[in-house]
Amino acid sequence: MAGMDIDGDVEESARRIQVRFVTKLKDPFKAPPSSIAIPSNLTRFGLSSIVNNLLKAGKDDWNPEPFDFLIDGELVRMSLEEFLLAKGISAEKILEIEYIRAVAPRKQEEPSLHDDWVSAVDGSNSKFVLTGCYDGFGRIWKTAGSCTHLLEGHTDAINSVCVVKPRVSPNGADQIVATASKDRTLQLWKFDSDESSDQIKRIRAFKILRGHNASVQSVAANPAGDMVCSGSWDCQIALWQASGSDTGDVISVKKRKKDADEEDPQVEEEAKSTLVGHSQCVSSVVWSQDETIYSSSWDHSIRRWDVETGKDSLNLYCNKVINCLDIGGEGSALIAAGGSDPILRIWDPRKPGTLAPVYQFSSHSSWISACKWHEKSWFHLVSASYDGKVMLWDLRTAWPLAVIDTHNDKVLCADWWKGKSVISGGADSKLCISSDVCVL
């Protein structure tokens, strides 16, 4: 098919280059395969306008869609002319440009209000969002603004929460979640997420885990969902049984009358084992595989632990206090971490000379409080900062894909939910949900 000539909103003096737009997207997002001549000084916004014009041809109901553009696997964040020059790519032949839907929220849900700082959030179960708050309560949210369960029992602020099991369930019964608190305990809670009621259901922990002698900063479950690990200001990582109970470790069993006939037991247990090596607060733990735990600390180190031997097999040193950590990306092997500066750092421990980060993103303007990989993408992750912003990142460009500015104070936590929403909590006492984020 003969090439077409298309003008953008650009100066006539711009030289023109022949391009072909390609995509892995399905209809109605497939543009004609013919090559077209376009001005070389177009940026991604001009390119997006052209692709939308191509797609809406013959469609009366077309709604413009924001797109991003890849050339040789790298996202375009400057004009075509500048990009080709920077990468040494010839414009003499037809240039193939892949377009993808822009990764940015298309909708902001109404904020879910709490009574104090929202310090922790977990979106790993598609049926609900779990939050932890400085008022000492955990909360289960079905949707924005709809709190179904109140987790009542901590005597100080909650620092961290996690869904223990099941991550994905055919029904909502027997959901188990964990909370970690400044009161030095972890608590495990069981509930039915499919239960519907007009009133918020107050629930009590079925198990209290005692052993840390300082604030518990982080909690994570193993993939099987039968153990949790925790990191604390006491510099230790503790491993705990999440399901059932081994009577050898039970401290006590308390019972509380639920009604005239039924009693609700509450078990207290000690740690199964501890991992010792950090010299300051253990700020974050991730139990990525059954045999492997990652931890970060205020001692400036990231460690990888062998659960079986209790020894660390990797010790990365960063010259900053580290607040947050996550494992994901290609092969679920990349380490993302943020701390006491505005830089989000990523390491690949599979590469020789792994002491230096392979990526550094520096668009935040204050400490980074949270980072989280997208579960199904090699490239995408989210970060949150004390600068009040949540940012979406793609490893294929140094600039954030989107800056979410829904909080009006420090952002303390962030996660993905249902694969297409970003959830975050902050010192403004709000849980914010930014939805319709097209990652895949």
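Residues numbered from 1 in each chain as written. Predicted model: local features only at pLDDT ≥ 70, side-chain atom pairs only at ≥ 80, totals over all residues. Heavy atoms only, no water.

Q: Honestly, empty space enclosed by the protein in this entry has me stumped. Any pointers?
A: Any space left empty among the atoms is revealed by the rolling of a water-sized probe across them. In the structure shown here, the tally under the stated rule is one cavity of 30 Å³ or more. One number sums up the size of the largest cavity: a volume of about 40 Å³. Along its surface, the largest cavity is lined by Cys 318, Lys 320, Val 321, Ile 322, Ala 337, Gly 338, Gly 339, Ile 343, Arg 345 and Trp 347. The set of elements that each furnish at least two residues to the lining of the largest cavity consists of β29 (334–339) and β30 (341–347). Considered class by class, the residues forming the lining of the largest cavity number six nonpolar, two polar and two charged. (1 Å grid on protein atoms, 1.4 Å probe; cavity = no way out; pocket = protein on both sides within 12 Å on 5 of 7 lines; lining within 4 Å. Points joined across faces, edges and corners; volume = space filled by probe spheres on them. Helix = DSSP H or I, 4+ residues; strand = E, 2+ residues; numbered from the N terminus. Nonpolar A, V, L, I, M, F, W, Y, C, P; charged D, E, K, R; others polar.)

Q: Is there a simple way to think about the confidence of the model for the chain in this case?
A: The predicted coordinates of low-pLDDT regions are not to be read in fine detail. Confidence in the prediction for the chain averages 90 pLDDT; 90% of positions are at 70 or higher. Low confidence marks residues 1–12, where pLDDT is under 50. Its contacts with residues over four positions away, or in another chain, come to 26 contacts. Segment residues 257–261 is flagged for pLDDT under 50; beyond a separation of four residues in sequence, or across chains, it makes four contacts in the model. (pLDDT = per-residue confidence, 0-100. Contact = heavy atoms within 4.5 Å.)

Q: Looking at this structure, how should I read the nonpolar core?
A: Nonpolar side chains in soluble globular proteins generally cluster together in the buried interior. Counting residues in each nonpolar core, the largest one holds 26 residues, and the members touching the most others are Phe 21, Ile 38, Phe 69 and Tyr 99. Among the secondary structure elements, those contributing two or more residues to this core are β2 (16–22), β3 (36–39), α1 (44–56), β4 (67–71), α2 (80–87) and β6 (95–101). Core analysis: the second largest hydrophobic core is formed by 18 residues, Val 390, Ala 402, Val 422 and Val 439 among them. (Core = buried A, V, L, I, M, F, W, Y, C linked by side-chain atoms within 4.5 Å. Buried < 20%, exposed > 50% of the residue type's maximum accessible area, 1.4 Å probe, protein only.)

Q: Could you clarify how one ought to interpret the sheet that holds β29 in this entry?
A: Judged by pairing direction, the sheet is antiparallel, and its four strands sit side by side in the order β28-β29-β30-β31 without closing on themselves. The open sheet has two free edges, formed respectively by β28 (322–328) and β31 (359–361), since each of these has just one partner strand. Each strand of the sheet is rotated relative to its neighbour by a mean of 20 degrees, with strand direction disregarded. (Pairing = 2+ DSSP bridges. Axes fitted to C-alpha atoms, helices over the stretch in contact; angles between N-to-C directions.)

Q: It is not clear to me how the sheet that holds strand β20 (residues 236–241) should be interpreted in this structure. Could you clarify?
A: Within a sheet, neighbouring strands are paired by backbone hydrogen bonds and run either parallel or antiparallel to one another. Here four strands make up an open sheet; going across it, the order is β18-β19-β20-β23 and the pairing antiparallel. Of all the strands in the sheet, just β18 (216–221) and β23 (273–276) have a single pairing partner and so form its edges. Between one strand and the next, the sheet's axes are offset by a mean angle of 20 degrees, whatever the strand orientation. The pairing of β20 with β23 spans four bridges and is antiparallel. Bridge pairing in β23 links Gln 236 to Val 276.

Q: How do you make sense of the side chain of Asp 428 when you look at a structure like this?
A: In this fold, Asp 428 is placed in the loop between β37 (421–426) and β38 (430–435). Its relative accessible area of 15% is what places Asp 428 among the buried residues. Among the polar contacts listed, one links the side chain of Asp 428 to the backbone nitrogen of Asn 408, at a separation of 3.2 Å. Residues within four places of Asp 428 in sequence aside, it is in contact with Thr 406, His 407, Asn 408 and Asp 409. (Polar contact = N/O pair within 3.5 Å; in protein donor to acceptor, adjacent residues only side chain to side chain.)

Q: I'm lost on the environment of Lys 107 in this one. Help?
A: Looking at the secondary structure, you find Lys 107 in strand β7 (residues 107–108). With relative accessibility at 43%, the residue Lys 107 sits in the partly exposed group. Note: C-alpha distance between Lys 107 and Asp 405 (298 residues apart in sequence) is 13 Å. What Lys 107 contacts, discounting residues up to four positions off in sequence, is Ile 433, Ser 434, Ser 435 and Asp 436.

Q: Can you walk me through α2 in this structure?
A: Residues separated by three or four positions in an α-helix point in the same direction, a consequence of the helix having 3.6 residues per turn. Taken together, the buried positions of α2 are Leu 80, Phe 83 and Leu 84. Down the axis of α2, the buried set is contained in an arc of 95 degrees. They therefore lie on one face. Opposite the buried face of α2, at more than 90 degrees from it, the exposed residues are Leu 85 and Ala 86. Check the buried side of α2 and you find it contacts β2, β3, α1, β4, β5 (74–75) and β6. Gly 88 sits one or two residues past α2 and shows a positive phi near 65 degrees. (Arc of directions from axis to C-beta.)

Q: Teacher, can you tell me more about unusual backbone geometry here?
A: Working note: non-glycine residues mostly have negative phi, and peptide bonds are mostly trans. Residue Pro 28 is bonded to the preceding Asp 27 through a cis peptide linkage, with omega at 10 degrees. With respect to the element layout, Pro 28 can be found in the loop between β2 and β3. Here Asp 72, not a glycine, exhibits a phi torsion of approximately 50 degrees, which is positive. Tracing the chain through its elements places Asp 72 in the loop between β4 and β5. Non-glycine residue Asp 436 carries a positive phi angle of around 60 degrees.

Q: Looking at this structure, I do not really get the side chain of His 149. What am I missing?
A: Along the chain, His 149 turns up in strand β12 (residues 146–151). On the accessibility criterion, His 149 (1% relative accessible area) is buried. Polar contacts involving the side chain of His 149 include one to the side chain of Glu 195, which spans 3.5 Å. If we skip the residues at most four places from it in the chain, His 149 touches Gly 138, Arg 139, Ile 140, Phe 191, Asp 192, Glu 195, Ile 200, Lys 201 and Ile 203.

Q: Would you mind going over the pairing of β20 with me for this structure?
A: For β20, the tally of buried residues reaches five of six residues, placing the bulk of the element in the interior. Adjacent in sequence and paired antiparallel, strand β19 (residues 227–232) and β20 are bridged by three residues, among which Cys 235 carries a positive phi angle near 75 degrees.

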